[in-house]
Amino acid sequence: MKDVLIKGKDLSAFCHNLQDSFIVYGVREKEEGHFIFDEIDEFSDSLEKYKPTILPPKKYLFPQQETLLRFDTEPHLEIKSVVESKKQVLFGVRPCDIHGIGLLDKIFTSDNEDSNYLRKRADTLIIGMDCMEPCYEHAHCASVGCLDIDDGYDIMMTDIGGVFFTTVKTPQGEEIVKKYVEYTIAGEEESERFLKLRSDRKGRFDNKIETEVSNLPLFFKNADNDPVWKELDERCLGCGRCNIVCPTCYCFDVYDCMDLTMTSGERCREWDACTLKDFAAVSTGENFRSTRGLRLRHRFNRKFNYLMTKYNTSFCVGCGRCTRSCPVNIDVIETVNAVINNHNNNHERE
Amino acid sequence: MKENNSLFLPEIAEVVSTRQLTEMERYIELKIKDTREFNFNPGQFLQLSVFGIGEAPISISSSPFNRETIGLCVRRVGDVTSALHKLEVGACLGVRGPLGNGFPVEKMKNKDIVFVAGGLGIAPLRSLIQYVIERRDDFARITILYGAKNPGEILFADELECWKQRKDIEVLVTVDKPDENWAGKSGVITRLIPHLDLEPSRTYAVVVGPPVMYKYVLLELQIKQIPEDNIIMSLERRMKCGVGKCGHCQINGIYVCLDGPEFSYHTLKFLSEAI
């Protein structure tokens, strides 16, 4: 489908109409300055410039808690797998979070396919909303290559001044545009305005990382003994907030819940956090990452080295949620730059 | 076969026999309900479910040539393993697996094999030892070193005795803390290695034991000049999913469940959190 134009005033109707066939999740201001993804029935223009939500929209694909199995132990043991999913639209997702979902797609399809995630993913349409200005001080999407996005959404809307220039990427996206919103085909003038705005925004998004992002695995491979981990060991509270708010953290715990009859129950998974003390502890007492510094080092390596090496793309999408939510102000960019600078300083000394 | 492709759906197995080995360890023999042949490689593991309690990863301890039943040696250390100890014959439980890769038996063919088993490390090694005994002609010299904390904690003592009787296998058992009835060797397992007469280029050392054991045993094996590729270790880590998703068993960039649990020292020495 050709690029189309959707008027700003029609977005609310779009959102409303989609509810005929989907549950629609969009952004809501929970308290002043604190935004969340939640079920919405209309789009509010005041939210066009929202700061990253407290939790990323991954919660609709990989929920905080999720049932994997149901079982009965009487009269004899029976086990059924549970995959809960419903048709849903994520409305107004930022490029950073779309990148985040794209990375989760890689994780849950590689090595072994995770049907609980993939079923939800297949039932999900993503309506992106592009960013023309940095949304807040912690954003560093451009530094990790996650501002520009050309894939991973069904439609992407860009505000070109009262009207949204809309790129339709998938057949499902075309279907919802045709069915649920008034639109016109974009003309040459609008296309040029769109391209110019996209190109002009580059200067407003600084590169905050002091090397090319693709170099980061090399720096981190050599940073196991970097003093930054000792320093962070003393500051980090080991609370796990950085994990919980991250769009690309996917580690989980698994536990059983019996119902009151004690004869049937559920097996569930729940978000876990690699910065928590017992994450890598075994029942015989050993803990393979026994300090907060080691656990944070692991977390940073997952974003900038281990997964980045395996998938050849940064697993930090630059949303800045970890920095914003850290109770002791551990800053992802400062930490990455400390690793780079300590490495370079060591080299100069030697 | 499974009804659907959920990674997390166990098959149902029935306990066909149990044997209390020590106060802490119980041997449990299972049969998968739908009676399919169960094929696995020595060193692979299962996720065992006691429903309502949870799931735990346990190494398979029986011979891979026994395709009817599966034997596991379970140490009682947590909720799931305590519940496993209480299962009687006829009880049903959930099984996912076999998971992991197992020992590189093909590469080990025609080589001298030294087994180094510390404590419960004998559990996964027993499967490999039984494989090697069954295919005895495929391997050259076989040496089994086994160390336990005290005589009461020796696992599979009867089988160790049988292996010892064979002319084609050397078995050395030591205990850290002997009692007055112990007539065998005493001291940590590491002390057995210097006395071995090894031909480094044709020797595979297969080492399984508690985490603390590895670095000491590795040093002795390196003194013996065993090539790094020929030192194979099986690692214990916290695991929740067993299929490379949950993140708990990760060591640097690798997942123990997917990429292991057996690794050569050559692989592990580049992983800062491995040993």
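Please refer to the structure placed before this passage.
Reading guide: rules and limits
Residues numbered from 1 in each chain as written. Chains lettered and ligands numbered in written order. Predicted model: local features only at pLDDT ≥ 70, side-chain atom pairs only at ≥ 80, totals over all residues. Pairing = 2+ DSSP bridges. Helix = DSSP H or I, 4+ residues; strand = E, 2+ residues; numbered from the N terminus. Contact = placed C-beta atoms within 7 Å. Axes fitted to C-alpha atoms, helices over the stretch in contact; angles between N-to-C directions. Core = buried A, V, L, I, M, F, W, Y, C linked by C-beta atoms within 7 Å. Buried ≥ 20, exposed ≤ 12 C-beta atoms within 10 Å, placed from the backbone. Nonpolar A, V, L, I, M, F, W, Y, C, P; charged D, E, K, R; others polar.

**Notes on the sheet that holds strand β8 (residues 142–148) of chain B**
All names here are of chain B.
Then comes step 1: Strand order in the open sheet formed by 7 strands is β10-β9-β8-β7-β11-β12-β15, with mixed pairing between adjacent strands. Two strands close off the open sheet at either side, each with one partner strand: β10 (185–186) and β15 (262–264).
Then comes step 2: With 3 bridges connecting them, strand β11 (residues 203–208) and strand β12 (residues 231–234) associate as parallel partners. Across the sheet, Val 206 pairs through a bridge with Ile 232, a residue of β12.
Then comes step 3: Packed onto the sheet, helix α3 (residues 122–134) meets β7 (112–118), β8, β11 and β12 and runs at close to 155 degrees relative to β7.
Then comes step 4: Helix α4 (residues 157–165) contacts β8 and β9 (170–175) of the sheet and is inclined by roughly 140 degrees relative to β9.

**Side note on the nonpolar core**
Then comes step 1: Ranked by size, the top nonpolar core spans 177 residues in total, and within it B:Phe115, B:Val116, B:Val206, B:Val207 and B:Met233 carry the most contacts.
Then comes step 2: When neighbours within four sequence positions are excluded, B:Phe115 is seen to be in contact with B:Leu125, B:Ile129, B:Thr143, B:Ile144, B:Leu145 and B:Val206.

**Examining the environment of A:Gly128**
Residues and elements named next belong to chain A.
Then comes step 1: Assignment of secondary structure puts Gly 128 in strand β7 (residues 124–129).
Then comes step 2: Linking Gly 128 and Val 24, residues 104 residues apart in sequence, is a C-alpha distance of 13 Å.
Then comes step 3: The residues contacting Gly 128, other than those within four sequence positions of it, are Val 93, Pro 95, Ile 98, Tyr 153, Ile 155, Met 156 and Met 157.

**Observations regarding the interface of chain A and chain B**
Then comes step 1: In this complex, chain A contributes 34 residues to the contact, which on the side of chain B involves 35 residues.
Then comes step 2: Every element with two or more residues in the side of chain A that touches chain B is listed here: β4 (65–72), β5 (78–81), β11 (252–258), β12 (264–271) and α9 (292–311) of chain A.
Then comes step 3: Element by element, the count of residues in the side of chain A that touches chain B is highest for β11(A), at 6 residues.
Then comes step 4: When grouped by side-chain class, the residues that make up the side of chain A that touches chain B number 17 nonpolar, 8 polar and 9 charged.

What is shown is where atoms sit, not what they do.
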